[in-house]
Amino acid sequence: MKIWRLAFAMLATTVTLVGQAQDVNTCQSIAERILTAAQDHSSDGIDELLAPEFHFSNIKQPIAGKVLKQIIAQMPTITGWEQSNVERDSTGLTLRYIWTDSDSTTTEATFLFNADNMVVEADLLNAEVSIRRATPTASVPSGVNIARVPIEHHGGLPIVTVTIDGKPCNMFFDTGAPGVILSSKYFDHNIDGDVMGGGGRGAVGKGTASGMHHVNLMDMGGTSLTETDIMTSDLSNLETVGVEVHGILGQSYYKDFDVLFDFKGSEIVLLNPDITHQWLLNEGYRCQTVSGVMKGHLLTFECQVGGVPVVLAFDSGAQTNLLASDWPQRHPSTVKGIKKAHLTGYGEGQASVTKGKTTLVLGNRTFKKLQTTFSDVSHLKESKGIDGLFGCEVLAKQKLLISYKRQEIILID
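Residues numbered from 1 in each chain as written. Predicted model: local features only at pLDDT ≥ 70, side-chain atom pairs only at ≥ 80, totals over all residues. Heavy atoms only, no water.

Asker: Looking at this model, I keep getting lost on the side chain of Thr 320. Mind explaining?
Answerer: Counting through the fold element by element, Thr 320 comes out in the loop between strand 20 (308-314) and strand 21 (321-324). Setting aside its immediate chain neighbours within four residues, Thr 320 contacts Lys 355, Gln 371, Thr 372, Thr 373 and Glu 393. (Helix = DSSP H or I, 4+ residues; strand = E, 2+ residues; numbered from the N terminus. Contact = heavy atoms within 4.5 Å.)

Asker: Help me understand the nonpolar core, please; the structure alone is not making it clear to me.
Answerer: Nonpolar side chains in soluble globular proteins generally cluster together in the buried interior. Membership of the largest hydrophobic core comes to 63 residues, with the highest contact counts inside it found for Val 160, Met 218, Leu 249 and Phe 261. The dominant element in this core, judged by the number of residues it contributes, is strand 8 (residues 157-164), at 5 residues. Among residues more than four places away in sequence, those in contact with Val 160 are Val 149, Pro 150, Ile 151, Cys 169, Asn 170, Met 171, Phe 173, Met 220, Leu 249 and Ile 268. (Core = buried A, V, L, I, M, F, W, Y, C linked by side-chain atoms within 4.5 Å. Buried < 20%, exposed > 50% of the residue type's maximum accessible area, 1.4 Å probe, protein only.)

Asker: What exactly am I supposed to notice about helix 2 (residues 24-40) here?
Answerer: An α-helical turn contains 3.6 residues, so a residue and the one three or four places further along point in the same direction. Taking 1.5 Å of rise per residue, the 17 residues of helix 2 would be expected to cover 24 Å, and the 24 Å separating its terminal C-alpha atoms lies within 8% of that figure. Within the sequence span of helix 2, burial applies to Cys 27, Ile 30, Ala 31, Ile 34, Leu 35, Ala 37, Ala 38 and Gln 39. Two to three positions downstream of the cap, the backbone nitrogen of Asn 25 sits 3.3 Å from a side-chain oxygen, assigning the N-cap of helix 2 to Asp 23. (Expected span 1.5 Å × (residues − 1). Polar contact = N/O pair within 3.5 Å; in protein donor to acceptor, adjacent residues only side chain to side chain.)

Asker: For this particular structure, what's the right way to read the sheet that holds strand 4 (residues 92-101)?
Answerer: Paired through their backbone hydrogen bonds, the strands of a sheet run either parallel or antiparallel. A sheet is described by the order of its strands in space; here 4 strands give the open sequence 3-4-5-6, paired in antiparallel fashion. Each edge of the sheet is formed by a strand with only one pairing partner; in this case those strands are strand 3 (78-89) and strand 6 (119-123). Within this sheet the neighbouring strands show an average axis-to-axis angle of 15°, counted without direction. With 8 bridges joining them, strand 4 and strand 5 (residues 106-113) adopt antiparallel strand pairing. By the bridge assignment, Trp 99 is partnered in strand 5 with Thr 107. Across the sheet, helix 2 lies against strand 3, strand 4, strand 5 and strand 6, angled at about 145° from strand 3, the strand it touches most. (Pairing = 2+ DSSP bridges. Axes fitted to C-alpha atoms, helices over the stretch in contact; angles between N-to-C directions.)

Asker: For this particular structure, what's the right way to read the pairing of strand 13 (residues 223-233)?
Answerer: The side chains of a regular strand alternate, first on one face of the sheet and then on the other. Among the 11 residues that make up strand 13, 9 are buried, leaving the element largely enclosed by the rest of the structure. Pairing analysis gives 3 bridges linking strand 10 (residues 181-183) to strand 13, with the strands arranged parallel. Paired with Ser 183 across the bridge in strand 13 is Ser 233.

Asker: Got a minute to help me understand the pattern of salt bridges in this structure?
Answerer: Pairs can form between side chains of opposite charge once their charged atoms are near each other. A full pass over the atoms with the stated rule returns 14 salt bridges. For the salt bridge of Arg 33 with Glu 48, the shortest nitrogen-to-oxygen distance reads 3.2 Å. Highlighted residues: Arg 33 in helix 2 and Glu 48 in the loop between helix 2 and strand 1 (55-56), separated in sequence by 15 residues. Connected through salt bridges with shared partners, the residues Glu 87, Arg 96 and Glu 108 form a single ionic network. (Salt bridge = Lys/Arg side-chain N within 4 Å of Asp/Glu carboxyl O.)

Asker: Please explain the confidence of the model for the chain as it appears in this structure.
Answerer: For any part of a model where pLDDT is low, the fine detail of the predicted coordinates should not be relied upon. For the chain, the mean per-residue pLDDT works out to 83, and 83% of the residues sit at or above 70. Within the chain, no element has a lower average pLDDT than helix 1 (residues 2-21), which sits at 39, and none a higher one than strand 20, at 98. Throughout residues 1-20 the model reports pLDDT below 50, and contacts reaching past four residues in sequence, or to other chains, amount to 2 contacts. Low pLDDT, under 50, characterises residues 193-208; the stretch is placed with 67 contacts to residues that sit more than four places away or in other chains. (pLDDT = per-residue confidence, 0-100.)

Asker: Before we go on, may I ask you to explain helix 5 (residues 276-283) in this structure?
Answerer: Turning to helix 5, its buried residues number three or more, namely Thr 276, Trp 279 and Leu 280. Here the buried residues of helix 5 occupy an arc of 100° about the axis, which is enough to place them on one side. Set apart from the buried face of helix 5 by more than 90 degrees, the exposed residues are Leu 281 and Asn 282. Residues of helix 5 that are buried sit in contact with strand 7 (146-154), strand 15 (258-262), strand 16 (267-271), strand 17 (287-291), strand 26 (399-403) and strand 27 (408-412). Looking one or two places after helix 5, you find Gly 284, whose phi comes out positive at around 75°. (Arc of directions from axis to C-beta.)

Asker: Honestly, the packing of aromatic side chains in this entry has me stumped. Any pointers?
Answerer: By convention here, two paired aromatic rings are described through the distance between centres and the angle between planes. Counted under the stated rule, the structure contains 7 aromatic pairs. Where Phe 173 meets Tyr 254, the ring centres are 4.4 Å apart and the plane angle is 10°; that geometry is what we call stacked. Placement of Phe 173 in strand 9 (residues 167-173) and of Tyr 254 in helix 4 (residues 251-254) is noted, with a sequence separation of 81 residues between them. Classification of Phe 173 by relative accessible area gives buried; the value is 1%. Ring geometry for Phe 261 against Phe 314: centres 5.5 Å apart, planes inclined by 65°, an arrangement best described as edge-to-face. With a gap of 53 residues between them, Phe 261 in strand 15 and Phe 314 in strand 20 connect regions that are remote in the sequence. (Phe/Tyr/Trp six-rings, centres within 6.5 Å; stacked < 30°, edge-to-face > 60°.)

Asker: Would you mind going over the environment of Asn 114 with me for this structure?
Answerer: Along the chain, the position of Asn 114 falls in the loop between strand 5 and strand 6. Under the relative-accessibility criterion, Asn 114 is labelled buried at 10%. When the C-alpha atoms of Asn 114 and Cys 27 are compared, they prove to be 9.7 Å apart, with 87 residues separating the residues in sequence. A polar atom in the side chain of Asn 114 sits 2.9 Å from the backbone nitrogen of Asp 116.

Asker: I tried to follow unusual backbone geometry on my own but got confused; where do I start?
Answerer: Of all residues except glycine, most have a negative phi; of all peptide bonds, most are trans. Unlike most non-glycine residues, Asn 117 shows phi in positive territory, near 60°. When you line up the elements, Asn 117 lands in the loop between strand 5 and strand 6. With a phi angle near 45°, Glu 227 is a residue other than glycine that sits in the positive phi range. In this structure, Glu 227 sits in strand 13. With relative accessibility at 35%, the residue Glu 227 sits in the partly exposed group.

Asker: I keep staring at the pairing of strand 26 and nothing clicks. Help me out?
Answerer: The element strand 26 is extensively covered by neighbouring structure, given that 4 of its 5 residues are classed as buried. Inspection of the sheet shows strand 15 paired to strand 26 by 4 bridges, in the antiparallel sense. Looking across to strand 26, one finds that Phe 261 is bridged to Leu 400. Relative to strand 27, strand 26 runs antiparallel, the two being bridged by 5 bridges.

Following this line, the structure appears as C-alpha cells:
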C-alpha cells in the first residue's frame, strides 16, 4: 500500500510539473503563428516552433517539417479562424481551431504540444498526409550566377520548357502561384499514401490537389529540383491557351533568384541576387527601382489606377490586370470600353466577368490602355489587403525584374 501511495504521489507530481510547463497562452500563440503562416503562404520561422519528435502520421523529422512547409505553401485562402477546444491528457496539450476559407467553407485544424510548448503534430487540413520529400525550391551548380530561359507566349501567358525526368514539358510561369503544381492529366499519383487538401487559388476559383508525383529531376535552364514530391491537380482549364500545359511553375521554385522578364526578347533571366546590379550596369540598362512589400508569396506595390491609389500584386500569370468586380461602378471615370467576357484560369472553370481599359501608374511609369478584368478579389483583399493584380499587360510593354530578396521591382530600358 505504501508503495502504491508513493507511486501515486510521484505521478501526481509529474502531472503537476507538466501542467506548469505547458502554458496554454504560449501554445495558443504558437498555433496562431502557424495559422497566420498558412494564411500568408509563408513558412518563415516555422522550424523553431516544431519539436524534435514532430511528425505527420508515420513521417518523422526532418521530412515532416518540410511536408508542413509545402502544405502551408499550397493552402487555400484563409480568411479567419477561432479556437474551438482545449484538451489536456497524457499525450500533451491539444488545441483545436476552426478556420474559414474565402468560400466560407470551414475546416478543423489540430495542434498537439509537448511539455516544452513545442508542436508535436499540426494537422491544418484534417486529413491524412503521406509524403516522402518536399523541397520545391530550385538550385543551381556552384559558381553559376545566371540562367537564360526561352519563353513562348500563348494567349499572352508565359510558357517555359522544363525537363521532368528526361521529358520536355510546358510549364506555366506563374508568380501568382505559391508553389509548383503538376497536371494530373500527365502525371499520375505515384507515391505511397494519399494527399488531400487545397492546391491553391486562382482568379477564377480554388484548385484542389489530387495527389503527389515523385520527380527524380526537374531542370529549367540549368536550375533544378531533385528527388522531390510535387502536388498534382486538374489544370485542364489552362489548356484553352492552345497548348498542352504540364504544370505550373510557382514562386517557390525561383524565390531565391532575381527574375527578369523580357517578353519582347522572348526570355526570362534568372540571376543570383548578389550580382544583379553589376549585371544590369554591364548590360547598359537604364533602370528605375520601385520598392514593394511581400504579402505571403506575393510582392505588392503601391500604384494608381486612373489616379486612384491601390495596392496591386505582381502576377506573371495574370493575363490581364485584375481589379474588384465593383470597380467600374465605384470609379467609372477610370475605365474605358466596358464589355462582358469570360475569364479562364487555374481553379473551377470559367467565370463571367467585365473587362475594360485602364491606366496604371507604377513608380514614375504610366501604362495606358491596359486590358483589365473586374472580378471577385475578396480572397486577396480580406486576407492580404491587396486590391488587385498586374501582370502580362505590363510585361508586354515593359522589361522588368522582380527581386523577392530585396522586395522590389526594377523597370528596365
